[in-house]
Amino acid sequence: MKRWIFIAGTVVAIAGLLCALFMQLGSGFHRDVDYVPTPPEVVDKMLELAQVKKADLVYDLGCGDGRIVVAAAKKFGCRAVGVDVDPMRVKEARALVEKNEVADLVRIEQADIFSVELGDADVVTLYLLPNLNRRLIPQLEKMKPGSRIVSHCWHMPGIKPRTVAKVMTSEPREREIYFWTTPLEAE
Ligand SMILES: C[S@@+](CC[C@H](N)C(=O)[O-])C[C@H]1O[C@@H](n2cnc3c(N)ncnc32)[C@H](O)[C@@H]1O
């Protein structure tokens with residue numbers, strides 16, 4: 001009897017795993033990290049640390065619901081591009097852009113962050129994972145000298161930050177923000 005329960009349990013577990021795999025493949029995109037939004041206080045601090053100004057072009061790589069690019073455009077009147085691979089997030093982000101009437105300044109692209117050219121970006125914002133930040137280094141190194149990069153929570157292995165700021169959120173919880181400028185400096 002115990003043996004049959006074990007076999008049935010194993011079959012159910014394998015079927016679950018296969019289902020999850022087919023759902024991801026069937027949806028036609030690969031996400032490297034799940035969606036977790038940045039709290040508003042942290043968004044504000046990221047933009048402040050990056051010294052965003054009207055003339056800047058800001059990119060959020062993995063933009064989720066578009067809150068960072070919308071906040072940048074609303075607060076500073078700058079242009080911004082949000083990039084996300086997940087069609088649901090892209091839909092939400094485009095809706096947020098419309099709701100906040102910043103469609104003349106903000107573009108939302110459905111794309112993989114590793115395919116984005118950053119040569120025209122002045123500011124890049126990130127809330128990914130350390131290994132993804134590291135994989136982005138070749139693209140970030142193509143930014144103009146003096147460009148700014150901020151990352152909520154995660155460092156960039158091998159690259160020295162200029163500053164690490166802390167923000168207390170209403171959760172209440174302290175969050176870290178890493179700040180770099182280009183050219184990137186090895187640790
Ligand atoms: C932790 S959320 C951050 C969302 C937003 N930047 C914020 O701070 O509120 C990471 C986002 O990256 C997106 N993502 C994950 N892998 C990606 C990839 N390879 N290319 C584009 N977007 C990706 C996810 O869909 C998710 O929306």
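Going by the structure above, here's the rest.
What you see is a predicted model; the values in this text were computed from it and never measured. (Residues numbered from 1 in each chain as written. Predicted model: local features only at pLDDT ≥ 70, side-chain atom pairs only at ≥ 80, totals over all residues.)

(A) Focus on the overall build of the protein. Helices and strands together make up the secondary structure of the protein, namely six helices and seven strands. Taken from the N to the C terminus, the helices and strands of the protein come in the order α-α-β-α-β-α-β-β-α-α-β-β-β. Looking at the protein residue by residue over its 187 residues, the buried ones come to 36%. Considering only contacts within the protein whose residues lie at least 6 apart along the sequence, 67% involve residues at least 24 apart. (Helix = DSSP H or I, 4+ residues; strand = E, 2+ residues; numbered from the N terminus. Buried ≥ 20, exposed ≤ 12 C-beta atoms within 10 Å, placed from the backbone. Contact = placed C-beta atoms within 7 Å.)

(B) Quick look at the site of the ligand. Around the ligand lies a shell of 22 residues, among which T38, G62, G64, V85 and Y127 are the nearest. Its residues placed into classes, the shell around the ligand shows ten nonpolar, four polar and eight charged. (Near = placed C-beta within 6 Å. Nonpolar A, V, L, I, M, F, W, Y, C, P; charged D, E, K, R; others polar.)

(C) Representation of the pairing of strand β5 (residues 148-152). The element β5 is largely enclosed, with a buried count of five among its five residues. Burial along β5 is two-sided: R148, V150 and H152 and I149 and S151, pointing in opposite directions, are all buried. Examined bridge by bridge, strand β4 (residues 123-126) and β5 share four bridges and lie parallel to one another. Of the residues in β5, the one forming a bridge with T125 is V150. Bridge count between β5 and strand β7 (residues 174-181): five bridges; the pairing is antiparallel. The residue bridging R148 from the neighbouring strand is T181, located in β7. (Pairing = 2+ DSSP bridges.)

(D) Structural context of the sheet that holds β5. Taken in spatial order, the seven strands line up as β3-β2-β1-β4-β5-β7-β6 in an open sheet, and their pairing is mixed. Only two strands of the sheet have a single neighbouring strand rather than two, namely β3 (106-110) and β6 (163-168). Direction aside, the axes of adjacent strands within the sheet are offset by 20 degrees on average. Two strands pair when backbone bridges link them, and strand β1 (residues 57-61) and strand β2 (residues 79-84) are joined in this way by five bridges, in the parallel orientation. By the bridge assignment for β2, L61 is matched with V83. (Axes fitted to C-alpha atoms, helices over the stretch in contact; angles between N-to-C directions.)

(E) Quick peek at the environment of L184. Looking at the element boundaries, L184 is found in the segment after β7. For the pair L184 and I137, spaced 47 residues apart in sequence, the C-alpha separation works out to 8.6 Å.

(F) Up close: the nonpolar core. One finds M46, V69, A72, A73, A80, V106 and V124 to be the most contacted residues of the largest nonpolar core, which totals 46 residues. Among the elements that make up this core, the one with the highest residue count is helix α3 (residues 67-76) (six residues). If sequence neighbours within four positions are ignored, A72 has contacts with L47, V52, V58, C78 and A80. (Core = buried A, V, L, I, M, F, W, Y, C linked by C-beta atoms within 7 Å.)

(G) Inspection of the packing of helix α2 (residues 40-49) against α3 at higher detail. It is the contact of α2 with α3, at a shortest axis distance of 10 Å, that shows an interaxial angle of 60 degrees. Accordingly, the angle class assigned to the pair α2 and α3 is oblique. You can see that α2 and α3 cross each other, and the crossing is right-handed. Two secondary-structure elements touch here, α2 through V43, M46 and L47 and α3 through R67, I68, A71, A72 and K75. For the contact of α2 with α3, the residue count by class is six nonpolar, no polar and two charged. (Parallel < 35°, antiparallel > 145°, perpendicular 65-115°, else oblique. Left-handed = near helix turned anticlockwise from the far one by under 90°.)

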